[in-house]
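Listed here are the chains, written in short residue letters.
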Amino acid sequence: VEEAGWRSAVLSSPHVECVTERVRFNREPISAAALADALEMALQARAAAEARGSTGAAASWFDTFVAGSLLACAEARMDWAVVECGLGGRCDSTNVLGAPVALLTSVELEHTEVLGSTLEAIAREKGAIASPGGALLACVPASLSPVVRAIARDRRARTCTVLPRSGSVSSDN
């Protein structure tokens, strides 16, 4: 993206040494001041939601951080953003983006208390990051391909391409 001249952001987690590592503009970490300003605005929005009694009052630390990070991206006028999900897709705060392309990189028995106790359940949760009209690219074992394709259909994704770990490619267009 950058090689084509686009301004890009990467939002990822966790950080190793400093929280600014989670937000990068054109490969450089955001300044502490810019991140602090954006997070202050996100925290003010959360407080306003709490005062109104709206659902935004239940925003977690991650939700608030994502909101602040996205605000920082907008203020920095980024053209594209690569945004890493938190735990999963369906209930992840990053799901509000309606991303034109979603990438499901792995399905493992992790965070089972939130995502489910089987690989199939976890694939359904994580695959729900697919947006209506968007594309889903999934790098999953071939045995999970039907589950991923079903959730992509349910989410009305435009296309779903599965890259099984075996190396073969299967696409629904």
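Right above here is the structure, for reference.
Right, let's walk through the structure included here. The structure displayed is predicted, hence computed values, not measured ones.

**Remarks on the overall build of the protein**
- The secondary structure content of the protein amounts to 5 helices and 8 strands.
- The linear arrangement of helices and strands in the protein, starting from the amino end, is β-β-β-α-α-β-β-α-α-β-α-β-β.
- Its C-alpha radius of gyration of 17 Å places the protein within 12% of the 16 Å reference for a compact globule of 173 residues.
- With the C-alpha coordinates aligned to their principal axes, the bounding extent of the protein is approximately 45 × 45 × 30 Å.
- Here the protein, with 173 residues, has 36% of them falling under the buried criterion.
- Residue pairs in contact within the protein that sit at least 24 positions apart in sequence constitute 54% of those at least 6 positions apart.
- Total accessible area computed for the protein in this model is approximately 9,800 Å², and 56% of it derives from carbon and sulfur atoms.
- For the protein, the centre of its 16 positive side-chain charges and the centre of its 20 negative side-chain charges are spaced 7 Å apart.

**Points about the packing of aromatic side chains**
- Under the criterion given, the structure shown has 1 aromatic pair.
- When the centroid spacing of 5.2 Å and the interplanar angle of 15 degrees are considered together, the rings of Trp61 and Phe65 count as stacked. Pair noted here: Trp61 and Phe65 are both in helix 2 (residues 61–75), with a separation of 4 residues, about one helical turn.
- Overall, the relative accessible area of 54% leaves Trp61 in the exposed class.
- Taking NZ or CZ as reference, Arg22 lies 5.6 Å from the ring centre of Phe65, over its face.

**Side note on the pattern of salt bridges**
- All chains considered together, the criterion is met by 4 salt bridges.
- Glu110 is paired through a salt bridge with Lys126; the nearest N and O atoms lie 2.7 Å apart. Of this pair, Glu110 sits in the loop between strand 5 (101–104) and helix 3 (112–115) while Lys126 sits in helix 4 (residues 119–127), and the two are 16 residues apart along the sequence.
- Accessibility expressed as a relative area gives 29% for Glu110, which makes it partly exposed.

**What to know about the nonpolar core**
- Of all hydrophobic cores here, the largest spans 18 residues; its most connected members are Leu104, Val107, Ala123, Leu136, Val140, Val148 and Cys160.
- Every element with two or more residues in this core is listed here: strand 5, helix 4, strand 6 (135–138), helix 5 (145–154) and strand 7 (159–162).
- Core analysis: the next-biggest nonpolar cluster, separate from the first, contains 13 residues, Leu11, Val23, Phe25 and Met78 among them.

**Here we look at the pairing of strand 5**
- Covered by surrounding structure in strand 5 are Ala102 and Leu104 only, the residues Val101 and Leu103 on the alternate face being uncovered.
- Inspection of the sheet shows strand 5 paired to strand 6 by 4 bridges, in the parallel sense. Following the sheet pairing, Ala102 is matched in strand 6 by Leu136.

**Details of the packing of helix 1 (residues 32–52) against helix 2**
- Between helix 1 and helix 2, the shortest axis-to-axis distance is 8 Å and the interhelical angle comes to 125 degrees. One finds that helix 1 runs oblique with respect to helix 2. Between helix 1 and helix 2 lies a crossing whose hand is right-handed. Between helix 1 and helix 2, the contacting residues are Leu35, Ala38, Leu39, Met41, Ala42, Leu43 and Arg46 on the first element and Thr64, Phe65, Ala67, Gly68, Leu71, Ala72 and Glu75 on the second.
- Looking at the contact of helix 1 with helix 2, its residues break down into 10 nonpolar, 2 polar and 2 charged.

**Points about the side chain of Lys126**
- Here Lys126 falls in the buried class, since its relative accessible area comes to 12%.
- Within the structure, Lys126 has its side chain in polar contact with the side chain of Glu110 (distance 2.7 Å).
- Contacts of Lys126, omitting those with residues within four sequence positions, involve Leu87, Gly88, Gly89, Leu104, Ser106, Glu110 and Leu115.

The rules behind each value
Once a new chain begins, its residue numbering starts again from 1 and follows that chain's sequence as written. In keeping with the model being predicted, local features are shown solely for residues with a pLDDT of at least 70 and side-chain atom pairs are shown and tallied solely at 80 or more, while totals for entire chains, interfaces and linings include all residues. No hydrogens and no water enter the side-chain calculation; it runs on all heavy atoms of the structure. Note on conventions: DSSP H or I runs of at least 4 residues are helices, E runs of at least 2 residues are strands, and numbering of each starts at the N terminus. In this setup the radius of gyration rests on C-alpha atoms only. A globule is expected at 2.2 Å times the number of residues raised to 0.38. Think of it in three bands: residues with accessible area under 20% of the maximum for their type are buried, residues over 50% are exposed, and the middle band is partly exposed, with areas taken using a 1.4 Å probe on protein chains only. Residues count as neighbours in contact if any of their non-hydrogen atoms are within 4.5 Å of one another. Computed by Shrake-Rupley with a 1.4 Å probe, the accessible areas treat only the displayed protein chains as cover when residues are assessed. Note that His is not counted, nor are the chain ends; the positive residues are Lys and Arg, and the negative ones are Asp and Glu. Each charge is placed at NZ for Lys, CZ for Arg, CG for Asp and CD for Glu. Ring pairs are drawn from Phe, Tyr and Trp, using the six-membered ring of Trp, whenever the two centres fall within 6.5 Å, and their geometry is named by plane angle: stacked under 30 degrees, edge-to-face over 60, tilted for the rest. Think of it as a cone above the ring: NZ of Lys or CZ of Arg counts as a charge over the ring if it is within 6 Å of the ring centre and within 35 degrees of the ring normal. What makes a salt bridge here is a side-chain nitrogen of Lys or Arg within 4 Å of a carboxyl oxygen of Asp or Glu, nothing more. Take the buried Ala, Val, Leu, Ile, Met, Phe, Trp, Tyr and Cys residues and link them wherever side-chain atoms come within 4.5 Å; each set so joined is a nonpolar core. Strands are treated as partners if at least two bridges between them are detected by DSSP. The angle between two axes is taken between their N-to-C directions and runs from 0 to 180 degrees, where each axis is a line fitted to C-alpha atoms and a helix contributes only its stretch in contact. An angle counts as roughly parallel when it lies under 35 degrees, as roughly antiparallel when it exceeds 145, as roughly perpendicular when it falls between 65 and 115, and as oblique in every other case. With the far helix as reference, a near helix turned anticlockwise by less than a right angle produces a left-handed crossing, and one turned clockwise produces a right-handed crossing. When residues are sorted by character, Ala, Val, Leu, Ile, Met, Phe, Trp, Tyr, Cys and Pro go into the nonpolar class, Asp, Glu, Lys and Arg into the charged class, and all the rest, Gly among them, into the polar class. Whenever a nitrogen or oxygen atom comes within 3.5 Å of another N or O atom, the pair is scored as a polar contact, on the condition that within protein one atom can donate a hydrogen and the other can accept it, and that pairs from neighbouring residues in sequence are kept only if both atoms are in side chains.

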